[in-house]
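Structural overview
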Amino acid sequence: MTIEPNRITPPTKPEDMHWLVRPKTIRKLWIGGIALLAVIVAMGSFAHPHVYFGIEGTFGFFAWYGLVACVAMVVGAKLLGLILKRGDNYYD
Amino acid sequence: MTDFIFPPGLVLILGAFILPFVSGQIKSALTLLLPLISLGLVQSVPDGVSLSIPFMHFQLELLDGSNLSRLFATIFALMAFAGGLFALNQKSTMEMSSAFAYAGSAIGVAFAGDLITMFIYWELMAVGSSLVIWSAMTDASYKSSMRYILMHLLGGVILMVGVVGHVVDTGSIEFSAMELGSFATWMMLVGFLINAGAPPFSSWLPDAYPEASWSGTVFLSAFTTKTAVFVLLKGFPGAEILIWVGLYMIMYGIIYALLENDMRRILAYSIINQVGFMVVGAGIGTEMAINGAAAHAFTHIIYKALLLMSAGSVMYMTGGKRKCTDLGGLFQSMPITAMAGIIGALAISSFPWTSGFVSKSMTTQAAADMGLGFTWFWMMAASAGVFLHAGIKFPWFVFFQKDSGLRPKDPPWNMKAAMILFAFLCIAIGVYPDPLYAMLPFPTEYAPYTYAHVMEMLQILLFSGLAFFLTLPLMKRTLTITLDTDWFFRKLGVSVARAGTVLIGLLLATVHRVRDKAIGWAIGTAFTHHGPKGALAKSAPAGLMVMWTIILLLVYLVIYLFV
């Protein structure tokens with residue numbers, strides 16, 4: 001029904017790795033990503049949205065709101081996990 | 001009554017009974033053809049009742065068309081086609097048959113004009129979906145399908161109570177918008193919400209769906225929860241409680257998905273999250289909100305099926321691996337599957353130029369229009385959370401993260417074709433939403449692509465992406481599950497039952513001991529007096545008897561003479 005895949009020993013030397021996962025590429029992705037974030041926030045300041053509630057019209061609102069909401073959810077989940085996590089054979 | 005139209009759902013239900021008797025090319029051809037016939041018939045269903053049959057003293061309306069019902073029936077039929085294409089290599093005929101009966105019943109619900117017809121198809125769906133789970137033929141799938149069907153039969157009974165009560169109250173079996181007020185309407189709402197995966201019974205969904213086969217879960221993701229959304233939109237638009245239920249579901253899905261290790265259970269939790277948005281839309285109840293929820297259901301079925309096809313392909317090509325802890329680095333050897341997963345992930349996150357963006361944003365817009373600040377900010381935070389738990393987490397842990405060393409190939413052609421079809425639709429609807437908007441229940445002038453709106457969404461999503469990689473150390477995958485309300489019957493209930501058994505055992509043992517003692521005492525006493533050596537059981541010699549007779553006569557004589 002299902003197929004057993006090939007399995008290799010994961011390469012450890014950067015030159016053996018796929019170009020996308022080499023440490024060099026990852027550093028470039030971080031730099032590019034942060035530049036992109038800055039550009040998006042800057043571009044957002046030119047928008048003239050219909051403001052319904054006030055605060056969402058302020059500079060960079062969606063950027064910090066997204067970031068803070070996500071960190072809060074991750075930390076919240078982590079705390080809940082302390083109480084509710086069990087080994088995955090808990091019910092067996 | 002207009003020209004006779006064969007009920008589109010019945011095509012699939014009847015087809016389900018033909019599939020077991022054919023094989024090879026004919027079976028494959030039927031698997032692809034039946035949903036297409038059904039899809040064609042759906043388009044020809046006119047507005048209003050076009051087919052009804054008498055039943056007792058009621059008139060059952062088997063086909064009652066509207067924009068809303070055609071929209072849902074269209075996506076159900078389309079889903080059956082793509083699911084069938086994806087599952088062509090599935091050996092289990094039972095799974096395909098059950099899936100078709102399941103899809104056909106969902107279409108039946110979408111066109112049901114009365115409560116009895118709706119209920120019959122509703123229950124058929126429960127049977128079909130349980131059999132799909134069962135078809136995986138593993139111990140785990142059998143057990144969770146049993147829990148699944150118990151939950152759905154419970155929901156069915158509650159719904160039945162509501163339907164009967166409502167018919168008694170109003171004298172009509174008409175299925176249309178209802179006021180939440182009577183006991184009966186509340187029961188119906190509860191019955192609907194159980195199928196939507198609402199609290200406190202959300203756990204049936206992440207419990208059961210990931211246990212189906214690599215192809216079964218794709219079908220399961222589409223029908224049950226979305227028919228529940230359909231009946232909520234049709235039966236209870238504007239019921240305020242739905243806003244709160246939906247907001248809870250949205251956050252529940254995110255938090256549990258963040259904690260989860262099984263890739264398909266991550267996606268199952270995210271179904272609840274997405275359905276939460278639609279339930280909120282039903283609760284807001286304005287034309288914009290109903291349009292938003294309906295459009296969201298349509299696009300959600302496509303991208304969630306795409307995500308589960310991607311996950312199913314990984315399972316199929318890796319010998320059934322499902323846990324994030326076992327996977328990683330697969331993008332190198334299965335690029336098409338990875339690409340499909342990423343497009344599905346972008347769409348579920350409502351990234352601009354994907355189908356999620358043009359649908360979900362209508363619901364948030366409706367909340368803003370109505371001045372529902374709390375709801376709006378909550379949904380905006382949750383939009384960031386969707387990107388976090390499904391948009392990045394799923395592709396990251398499956399296709400990237402650490403290199404697991406696994407090098408599976410992309411799956412067979414039909415599975416790739418199904419993924420490419422749905423990935424295409426995710427982008428096509430996102431870039432050109434007008435055909436979808438034309439199918440919505442209410443006419444709409446909504447323009448998703450304003451500069452401000454695109455910028456808002458890009459900021460939210462990209463910064464939640466930043467949050468993901470900043471908090472990555474907190475999200476290290478562990479071999480764990482997360483407890484849910486089903487703990488009360490899977491653990492506490494079992495423990496109570498076991499403890500009860502032990503207690504009753506002790507009680508019975510005590511009763512037995514006391515009884516044995518009492519009987520022992522009675523037998524012992526009887527034995528003492530009546531046993532072989534008992535005073536009352538001794539055989540007395542005749543001489544003794546004569547002596548006692550003489551003594552008695554003497555006593556009598558003495559008394560007679562002197563008293």
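Just above sits the structure.
The notes below deal with the structure included here. What you see is a predicted model, and the numbers here were worked out from it, not measured in a lab. (Residues numbered from 1 in each chain as written. Chains lettered and ligands numbered in written order. Predicted model: local features only at pLDDT ≥ 70, side-chain atom pairs only at ≥ 80, totals over all residues. Heavy atoms only, no water.)

Looking only at helices and strands, chain A features two helices and two strands. Each helix and strand of chain A, ordered N terminal to C terminal, gives the series β-α-α-β. Rg of the C-alpha trace for chain A: 22 Å, well past the compact-globule value of 12 Å for 92 residues, more than 25% over. For the C-alpha atoms alone, the extent of chain A along its principal axes is close to 55 × 45 × 30 Å. (Helix = DSSP H or I, 4+ residues; strand = E, 2+ residues; numbered from the N terminus. Rg over C-alpha atoms; globule rule 2.2 N^0.38 Å.)

What follows covers the interface of chain B and chain A. Counting from both sides, the interface comprises 65 residues of chain B and, opposite them, 52 residues of chain A. Carbon and sulfur atoms make up 74% of the area that chain B and chain A hide from each other, which totals about 5500 Å². With a shortest N-O distance of 3.0 Å, Asp88(A) and Lys323(B) are connected by a salt bridge. In this assembly, chain B and chain A are joined by 15 residue pairs in polar contact (both at pLDDT 80 or more). Elements supplying a minimum of two residues to the side of chain B that touches chain A: α10 (241–259), α12 (287–317), α14 (355–369), α15 (373–399), β3 (406–407), α18 (451–470), β4 (480–482) and α19 (487–530) of chain B. Top element by residues in the side of chain B that touches chain A is α18(B). It accounts for 13 residues. When its residues are assigned to classes, the side of chain B that touches chain A shows 39 nonpolar, 16 polar and 10 charged. (Contact = heavy atoms within 4.5 Å. Buried area = accessible area lost by both parts, 1.4 Å probe. Salt bridge = Lys/Arg side-chain N within 4 Å of Asp/Glu carboxyl O. Polar contact = N/O pair within 3.5 Å; in protein donor to acceptor, adjacent residues only side chain to side chain. Nonpolar A, V, L, I, M, F, W, Y, C, P; charged D, E, K, R; others polar.)

Secondary-structure assignment places Phe377(B) in helix α15. Between the C-alpha atoms of Phe377(B) and Val157(B), which are 220 residues apart in sequence, the distance is 37 Å. Beyond its immediate chain neighbours, meaning those up to four positions away, Phe377(B) contacts Phe53(A), Ile55(A), Phe61(A) and Tyr65(A).

On to the side chain of Arg70(B), then. Residue and element names in this part refer to chain B. Along the chain, the position of Arg70 falls in helix α3 (residues 67–86). Since its relative accessible area comes to 15%, Arg70 is described here as buried. Once residues within four sequence positions are removed from consideration, Arg70 is found in contact with Val42, Gln43, Val45, Pro46, Asp47, Gly65 and Phe111. (Buried < 20%, exposed > 50% of the residue type's maximum accessible area, 1.4 Å probe, protein only.)

What follows deals with helix α4 (residues 93–111) of chain B. Its 19 residues give α4(B) an end-to-end C-alpha distance of 27 Å, which sits within 8% of 27 Å, the value for a rise of 1.5 Å per residue. α4(B) sits mainly inside the fold: 17 of its 19 residues count as buried. (Expected span 1.5 Å × (residues − 1).)

Strand β2 (residues 58–65) of chain B sits mainly inside the fold: seven of its eight residues count as buried. Linkage of strand β1 (residues 48–55) of chain B to β2(B), two consecutive antiparallel strands, is achieved through a turn of two residues, within which Met56(B) is found at a positive phi near 50 degrees. (Pairing = 2+ DSSP bridges.)

Looking now at unusual backbone geometry. All names here are of chain B. Here Pro199 and Pro200 are connected by a cis peptide whose omega angle stands at 0 degrees. Despite not being glycine, Met56 has its phi angle at roughly 50 degrees, a positive value. Relative to the helices and strands, Met56 resides in the loop between β1 and β2. A relative accessible area of 67% places Met56 in the exposed class.

Applying the stated criterion across every chain, the model contains 44 aromatic pairs over all chains. A ring pair is formed by Tyr65(A) and Phe377(B), whose centres lie 6.0 Å apart and whose planes are at 75 degrees; its orientation type is edge-to-face. Here Tyr65(A), found in helix α2 (residues 61–84), pairs with Phe377(B), found in helix α15, and the two come from separate chains. Note on Tyr65(A): relative accessible area 15%, which makes it buried. With a centroid separation of 6.2 Å and 20 degrees between ring planes, the pair formed by Tyr248(B) and Tyr252(B) is classed as stacked. Within this pair, Tyr248(B) and its partner Tyr252(B) are both found in helix α10, separated by four residues, close to a single helical turn. Classification of Tyr252(B) as buried rests on a relative accessible area of 6%. Site record: aromatic cluster; members linked through ring pairs are Tyr52(A), Phe53(A), Phe61(A), Phe62(A), Trp64(A), Tyr65(A), Trp376(B) and Phe377(B). For the cation-ring pair, Lys360(B) lies above Phe277(B), with the distance from its terminal atom to the ring centre recorded as 4.6 Å. Here the basic side chain of Lys491(B) rests over the ring of Tyr90(A), its NZ or CZ set 4.3 Å away from the ring centre. (Phe/Tyr/Trp six-rings, centres within 6.5 Å; stacked < 30°, edge-to-face > 60°. Lys NZ or Arg CZ within 6 Å of the ring centre and 35° of its normal.)

As a further point, take the pattern of salt bridges. Residue and element names in this part refer to chain B. In total, this model carries 11 salt bridges over all chains according to the counting rule given. Across the pair Arg322 and Asp262 runs a salt bridge whose closest N-O atoms are separated by 2.5 Å. Of this pair, Arg322 sits in the loop between α12 and α13 (335–348) while Asp262 sits in the loop between α10 and α11 (263–284), placing them 60 residues apart in sequence. Just as Arg322 is buried, Asp262 falls in that class too. Bridged by salt links that share partners, the residues Arg147, Asp207, Asp486 and Arg490 form one connected network.

In a soluble, globular protein the nonpolar side chains are often hidden away together inside. All names here are of chain B. Counting 210 residues, the largest nonpolar core has Phe72, Met118 and Phe422 as its most contacted members. A per-element tally of this core places α12 first, with 21 residues. Dropping the residues within four chain positions of it, Met118 is found in contact with Val109, Ala112, Leu159, Phe175, Phe192 and Val231. (Core = buried A, V, L, I, M, F, W, Y, C linked by side-chain atoms within 4.5 Å.)

Here seven bridges tie β1(B) to β2(B), and the two strands are oriented antiparallel to one another. Across the sheet, residue Ile53(B) finds its bridge partner in β2(B), namely Leu60(B).

On to the packing of helix α2 (residues 24–44) of chain B against α3(B). Residues and elements named next belong to chain B. For the pair α2 and α3, interaxial distance at closest approach is 8 Å and the crossing angle is 170 degrees. Taken together, α2 and α3 sit at an angle that is classed as roughly antiparallel. Here α2 contributes Thr31, Leu32, Pro35, Leu36, Ser38, Leu39, Val42 and Gln43 to the contact with α3, which in turn contributes Arg70, Ala73, Thr74, Ala77, Leu78, Ala80, Phe81, Gly84 and Leu85. Among the residues forming the contact of α2 with α3, the class breakdown is 11 nonpolar, five polar and one charged. (Axes fitted to C-alpha atoms, helices over the stretch in contact; angles between N-to-C directions. Parallel < 35°, antiparallel > 145°, perpendicular 65-115°, else oblique.)

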